[in-house]
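# Tertiary structure, described
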Amino acid sequence: MKKLVIAVLAGLALNVTHAAGYGVIDLERVVQNSSYLKQQNTSLQNTIKPQTSQLEQLQKDLAGIQQKGQAAKTQAEREQLAKEFEAKAEQAAKLQQQVQNTVQSSMQNVNKTFEGRVKSTAEQLRQENKLDFILNKNAALAYDVKADLTDKMIQKVNAIK
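Report on the accompanying structure. (Residues numbered from 1 in each chain as written. Predicted model: local features only at pLDDT ≥ 70, side-chain atom pairs only at ≥ 80, totals over all residues. Heavy atoms only, no water.)

## Remarks on the pattern of salt bridges
Counted according to the given criterion, the structure contains eight salt bridges. A salt bridge links R29 to D151, with the nearest nitrogen and oxygen atoms 2.2 Å apart. Highlighted residues: R29 in helix α2 (residues 27-32) and D151 in helix α5 (residues 150-159), separated in sequence by 122 residues. The class of R29 is partly exposed, set by a relative accessible area of 29%. As a salt-bridge pair, K88 and D61 come within 3.3 Å of each other at their nearest N and O atoms. Pair noted here: K88 is in helix α4 (residues 75-128) and D61 is in helix α3 (residues 35-71), with a separation of 27 residues, a long-range link. (Salt bridge = Lys/Arg side-chain N within 4 Å of Asp/Glu carboxyl O. Helix = DSSP H or I, 4+ residues; strand = E, 2+ residues; numbered from the N terminus. Buried < 20%, exposed > 50% of the residue type's maximum accessible area, 1.4 Å probe, protein only.)

Rendered as structure tokens:
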């Protein structure tokens, strides 16, 4: 029995002395300071700008048609404006769906790429600093600030082209 306890304690001692340590990353700060994400957001905004401008115009047109409908004097005029309103509303709904699909698709691609960059950079930092693991700051209840690798992570993620 003594041999078993000594063997277990020796094994624990080896594991403790083998532990190289840990690193901590503030993933929220990495996201906020990512030049890649900022560039992709700007690119997406430029891509959908023509459609959003067109949507704004359609909304103005719809408001104008509504006002004309309220001021219409004859039933025929009201019916004509109702048809026009319906056609513009349908056009706006289709355009809104296109914009939404574009944004969703773009965000999925950007998130997938960014996640890969963060994971590969975390692994690179782990190896460079001879660490056992790297935690997201929000997953740690307490940690030594000397283990914070956020600034290095931001630099390395932003350096990826």
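So that's the structure; there's more coming.
## Here's the deal with the side chain of T121
Here T121 lies in helix α4. Contact partners of T121, with chain neighbours within four places excluded, come to M153, K156, V157 and I160. (Contact = heavy atoms within 4.5 Å.)

## Quick look at the nonpolar core
The biggest cluster of nonpolar side chains holds 14 residues, and the ones touching the most others in it are I25, V30, F114 and M153. Taken together, the elements giving at least two residues each to this core come down to α3, α4 and α5. The dominant element in this core, judged by the number of residues it contributes, is α4, at five residues. Every residue in contact with I25, bar those within four places of it in the chain, is listed here: V30, L125, I134, L135, N136, K137, L149, T150 and M153. Among the nonpolar cores identified, the runner-up in size contains seven residues, and L44, L55, A92 and V99 belong to it. (Core = buried A, V, L, I, M, F, W, Y, C linked by side-chain atoms within 4.5 Å.)

## Things to note about α4
Because each turn of an α-helix spans 3.6 residues, side chains separated by three or four positions in sequence point in the same direction. Here α4 contains 54 residues, and its C-alpha end-to-end distance of 78 Å stays within 8% of the 80 Å for a straight helix at 1.5 Å per residue. Among all positions in α4, only L81, A92, L95, V99, S106, V110, F114, R117, V118, T121, A122 and L125 are buried. Those residues of α4 that are buried lie in contact with β1 (22-25), α2, α3, β2 (133-136) and α5. Of the residues flanking the end of α4, it is K130, one or two places downstream, whose phi is positive at about 50 degrees. (Expected span 1.5 Å × (residues − 1).)

## Details of the packing of α3 against α4
Orientation of α3 relative to α4, taken along the N-to-C sense of each, is 170 degrees, at an axis distance of 9 Å. Classed by the angle they form, the pair α3 and α4 counts as roughly antiparallel. Here the residues of the contact of α3 with α4 sort into 17 nonpolar, 11 polar and six charged. (Axes fitted to C-alpha atoms, helices over the stretch in contact; angles between N-to-C directions. Parallel < 35°, antiparallel > 145°, perpendicular 65-115°, else oblique. Nonpolar A, V, L, I, M, F, W, Y, C, P; charged D, E, K, R; others polar.)

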